[in-house]
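# Working through the structure, step by step
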Amino acid sequence: MDGTMGLRALLCVYLASLLVLQAMPTQGSPTGRPKVSKKRQTVDTAVDGVTIRSLKVNCKVTSRFAHYVITSQVVNSANEAKEVAFDVEIPKTAFISDFAITADGNAFIGDIKDKVSAWKQYRKAAISGENAGLVRASGRTMEQFTIHLTIGPRSKATFRLTYEEVLKRKLKQYDIVIKVKPKQLVHHFEVDCSLGASMMQIDVDIFEPQGISKLDAQASFLPKELESQLIKKSFSGKQGRVLFRPTVGQQQSCPTCSTSLLNGDFKVTYDVNRDQLCELLVANNHFAHFFAPQNLTNLNKNVVFVIDISTSMEGQKVKQTKEALLKILGDMRPGDYFDLVLFGSEVQSWRDSLVKATPANLRAAQDFVRRFFLAGATNLNGGLLRGIEILNQAHGSLPELSNHASVLIMLTDGEPTEGVTDRAQILKNVHNAIRGRFPLYNLGFGHNVDLNFLEIMSMENNGRAQRIYEDHDATQQLQGFYDQVASPLLVDVELLYPQDTVSALTQHRHKQYYEGSEIMVAGRIADHKLGSFKADVLARGEGQEFKATCLVDEEEMKKLLQERGHMLENHVERLWAYLTIQELLAKRMKLQGKEKAEVTAKALQMSLAYQFVTPLTSMTIRGMADEDGLEPVIDKPPEDSLPLEMLGNRKMFMLSTLQPSPTRSSSNIQQLPNQVTGVDTDPHFLIHVPQKEDTLCFNINEEPGVVLSLVQDPDTGFSVNGQLIGNKASSPGQQEGTYFGRLGIVNPATGFQLEVTPQNITLNPGSGGPVFSWRDQASLRQHKVVVTINRRRNLVVSVEDGGTFEVVLHRVWKGSSVHQDFLGFYVLDSHRMSARTHGLLGQFFHPFDYKVSDPHPGSDPTKTDATMVVKSHQLTVTRGLQKDYSKDPRHGAEVTCWFVHNNGAGLIDGVYTDYIVPDIF
């Protein structure tokens, strides 16, 4: 995916979604249109008993990183099962990161895994001759996500699709295009693209630290008078908002119609302020650098157009190519130099050297374009080498042209069939001839070109490739591409950072920087190195060297973090991850053997760590299947996949009612056991003994910083460790308490690691995984582990064939005796853990026996002491009260227990110091 990452100068991003949610009648059921009232207000929105209760598109953009959530709920009010189709078109440049269906109280959540692990699913689909994939290529820039589902009578289903991408600036603006096509009236329809709205609407906003300079929105399906009434837009400073929320009546195509007029583009355009030379964002040990300087003088350019004139270009293709060339030549600047090279079976050039773009030369070149005709096969190698030779000769013989920005643009509609036809040799020839002096841009006309080959060639020579679609607007496509590279401002751009400060940099050297675009670089910052972090920019501009130093405004960053909080931290890191994955995927295209395997492994590891559906990963959804028993598969279709209309029919999936949901919502506290084993507060350990219908408890008194083993299963390697933090005494002489401030949960069998603190939840921290805050509501799945974050309350970790555990968040509140946020840890289910499981909690997962006798008043007359015999030890224990916060993190529930003194001595195996470990992982 073409990505770019941060805050920059001129932005133009294309992002589109096509929404289609349609009720479909079950076979044999009536298909007639329902009766509708003549009043708009009372129109029936149901189709065959199915109503789209809500359809929402929520856009969250933070510094060019776009996070989209499309949510829709359908209700089947009929007394029989009905079929619905949920269709969404998303940009090819986006990565799907989550998909869930909630029905009948069960949540069916996608599980992202590598494609090798999903091979059985693909093999079954291939053998059956069907396509189980939910995503297919659609049009020029989109992919269509579709699932057909049967839902039960008198029931409802909610679909939620999440995808993300980095917005790329083109021609001085970002475009957000949402193609809306619900196919029936929606009871509640909402499109929200907020640019930095208040925290009350954080799920629907865009936040640009540079400030928003312009914002507009249109809907192609609305009359102008309605558009101004229904689309609410505003922006101020860093924040802006666009809201479109039509009523049922406003969706109707006419006052008495049951059909919808929502069928077209909803388009938002915006740009950001360019007051500063460059912008640096730093958060959570990651940075994003946005570079788009203003007020620079355009460089003159040397451009050679290399055009395929083989006979396959006949008809509209050559006509449209000529039209585009004539327009482009008419737009050349007086200081530019140019030439034209044509290749069929033979290679010819117009002047065989660069000439200045004088009016006379331009007229002569336009006459040449009008008169050339098609001939022969496709000598692509010869045409490219001639164009390269013309530019190289100009650099050597005309010193004044060496300061220009040189560009080579090649257009072809087929494969090499004349001269050198071996692709590897062509790549080698072109690379050796250019030698990094200038970029090569390849345009592939139509679907018969090997775009992969053209992309590799362009990437090896500092350019990029683009497909030109055979359509009525091919002339505009060609001209639109040229417009993006027509105004070079800088060449040989390098963005440099202190070597001992940063790592894992994305592309930071660019051959040319063009007006209206933006350069983004992202990377990691080493611990405690922020003070020495800076960016030096070196480049060559018109008549002079360009130098600039960019520094982090730490005070401004503090303000931004206060305004945007965890979302800024999370999005900066995911920007880096997105760009890095995109670059690795591009790099692997041109590698072979061991090098390709290493790059592929790195891209796969990051795709899994950040939960992106990329060409290396797939998402499967357990708990539903089609008539052949195939589970749905979400993957990324290749660029050269068949058009949508040439593929087979979609499969119909049915939710399983015979097995429990793979991930029931953990936010429903009624699902928690009545009594649990766990550890909380200072730290008090609660051991529930179901055979005795009783609870034992003990404390561990240790210093802050000590890490304790809570659960350790030697058969699987699964472990939970917790680190203590201190609570500063509120008055002199008072003892400092300790609480759990950091938990590490590890499942080595699946490469899963989770670090939990009162501030953040980090998946796979050792490999730079995603970071969530307690303000998030999220469900994550990695292989056999599901993590559910319930906003500001708790998180639940469920391990397939293992246990289920809860982490409770305790926040400081007014009047609290504790002055520091901390965590509680509870075991909700452990019956599948091995018999050898150990740890301060784990050793009690399986039945053990004890006897309590001789209850009598203790040293504290308000409490009862007794004698306990357990594990061959005779102990004095005290009846007391502790609190279980698993259901109510604020107030807790009192639990009566037998308290074992002296750090659990006699109850726990060994002594408590045996459970001290070096680190949480």
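Keep in mind that this is a model prediction, so the values were computed, not measured.

### Regarding the packing of helix H6 (residues 380–397) against helix H7 (residues 423–434)
At a closest axis distance of 10 Å, the pairing of H6 and H7 adopts a crossing angle of 5 degrees. Relative to H7, the element H6 is oriented roughly parallel. Together, Leu 380, Asn 381, Leu 384, Leu 385, Ile 388 and Asn 392 of H6 and Ile 426, Asn 429, Val 430, Ala 433 and Ile 434 of H7 make up the contact between the two elements. Split by residue class, the contact of H6 with H7 holds 8 nonpolar, 3 polar and no charged.

### A closer look at the packing of aromatic side chains
All chains considered together, the criterion is met by 25 aromatic pairs. Consider the rings of Phe 338 and Trp 350, whose centres lie 5.4 Å apart with planes at 20 degrees: the pair is stacked. Within this pair, whereas Phe 338 is found in strand E20 (residues 337–343), its partner Trp 350 is found in the loop between strand E21 (347–349) and strand E22 (355–356), the two being separated by 12 residues in sequence. Like Trp 350, Phe 338 is buried. Taken together, a centroid distance of 6.2 Å and an interplanar angle of 75 degrees make the contact between Trp 576 and Tyr 610 edge-to-face.

### Some thoughts on helix H12 (residues 593–609)
For an α-helix the count is 3.6 residues per turn, leaving residues at separations of three or four pointing the same way. Over its 17 residues, H12 runs 24 Å from end to end, which matches the ideal 24 Å to within 8%, given 1.5 Å per residue. Every buried residue of H12 is accounted for by Val 599, Thr 600, Ala 603, Met 606, Ser 607, Leu 608 and Ala 609. The positive-phi residue at the C-terminal boundary of H12 is Gln 611, with phi of around 55 degrees.

### Looking at the pairing of strand E40 (residues 719–727)
The buried count for E40 comes to 8 of 9 residues, which makes it a mostly enclosed element. Pairing of strand E39 (residues 707–712) with E40 involves 5 bridges; the strand directions are antiparallel. Within the sheet, the bridge partner assigned to Val 711 lies in E40 and is Val 720. Two successive antiparallel strands, E39 and E40, enclose a turn made up of 6 residues, where Gly 717 displays a positive phi of approximately 85 degrees. As paired elements, E40 and strand E41 (residues 737–747) share 9 bridges and run antiparallel to each other. Paired with Ile 725 across the bridge in E41 is Tyr 739.

### What about the side chain of His 289?
Within the fold, His 289 resides in strand E18 (residues 286–291). Only 2.7 Å separates the side chain of His 289 from the side chain of Tyr 497, close enough to count as a polar contact.

### Section: the sheet that holds strand E31 (residues 544–551)
If you trace the 4 strands from one edge of the open sheet to the other, you get E28-E26-E30-E31, paired in antiparallel fashion. The open sheet has two edge strands, strand E28 (509–514) and E31, and neither has a second partner. When the angles between neighbouring strand axes are averaged without regard to direction, this sheet yields 25 degrees. Here strand E26 (residues 488–496) pairs with E28 via 5 bridges, running antiparallel. Paired with Leu 490 across the strands is Tyr 513, a residue of E28.

### Describing the environment of Ser 353
With respect to the secondary-structure elements, Ser 353 resides in the loop between E21 and E22. In this structure, the C-alpha to C-alpha distance between Ser 353 and Phe 338, residues 15 residues apart in sequence, is 8.0 Å. Once residues lying within four places of it in the same chain are set aside, the contact partners of Ser 353 are Phe 338, Asp 339 and Ile 390.

### Focus: empty space enclosed by the protein
Under the counting rule described, the total for this entry stands at 4 cavities of 30 Å³ or more. As for the largest cavity, its lining consists of Phe 305, Ile 307, Thr 321, Ala 324, Leu 325, Ile 328, Ile 409, Leu 411, Leu 443, Leu 478, Phe 481 and Tyr 482. Elements that contribute at least two residues to the lining of the largest cavity include exactly strand E19 (301–308), helix H4 (316–330), strand E23 (405–412) and helix H9 (474–485). Take the lining of the largest cavity: its biggest share by element is 4 residues, from H4. For the lining of the largest cavity, the per-class residue count stands at 11 nonpolar, 1 polar and no charged.

### Examining the nonpolar core
By size, the foremost hydrophobic cluster in this structure holds 59 residues, and its most contacted members are Ile 96, Phe 99, Phe 145, Ile 147 and Phe 159. Once residues lying within four places of it in the same chain are set aside, the contact partners of Ile 96 are Ile 90, Ile 112, Val 135, Phe 145, Leu 161, Thr 162, Tyr 163, Gln 611, Phe 612, Val 613, Met 619 and Ile 634. Core analysis: the next-biggest nonpolar cluster, separate from the first, contains 56 residues, Phe 740, Val 785, Val 827 and Leu 875 among them.

### Focus on the sheet that holds E18
Strands pair in a sheet through their backbones, by hydrogen bonds, and they do so in one of two ways: parallel or antiparallel. Taken together, 4 strands build an open sheet; the order of strands is E17-E18-E29-E27 and the sheet is antiparallel. Looking at which strands have only one partner, the edges of the open sheet turn out to be strand E17 (278–283) and strand E27 (502–503). Pairing between E27 and strand E29 (residues 519–525): 2 bridges, direction antiparallel. Its bridge partner lying in E29, Val 502 is registered against Ile 525.

Procedures and definitions
Residues numbered from 1 in each chain as written. Predicted model: local features only at pLDDT ≥ 70, side-chain atom pairs only at ≥ 80, totals over all residues. Heavy atoms only, no water. Axes fitted to C-alpha atoms, helices over the stretch in contact; angles between N-to-C directions. Helix = DSSP H or I, 4+ residues; strand = E, 2+ residues; numbered from the N terminus. Parallel < 35°, antiparallel > 145°, perpendicular 65-115°, else oblique. Contact = heavy atoms within 4.5 Å. Nonpolar A, V, L, I, M, F, W, Y, C, P; charged D, E, K, R; others polar. Phe/Tyr/Trp six-rings, centres within 6.5 Å; stacked < 30°, edge-to-face > 60°. Buried < 20%, exposed > 50% of the residue type's maximum accessible area, 1.4 Å probe, protein only. Expected span 1.5 Å × (residues − 1). Pairing = 2+ DSSP bridges. Polar contact = N/O pair within 3.5 Å; in protein donor to acceptor, adjacent residues only side chain to side chain. 1 Å grid on protein atoms, 1.4 Å probe; cavity = no way out; pocket = protein on both sides within 12 Å on 5 of 7 lines; lining within 4 Å. Points joined across faces, edges and corners; volume = space filled by probe spheres on them. Core = buried A, V, L, I, M, F, W, Y, C linked by side-chain atoms within 4.5 Å.

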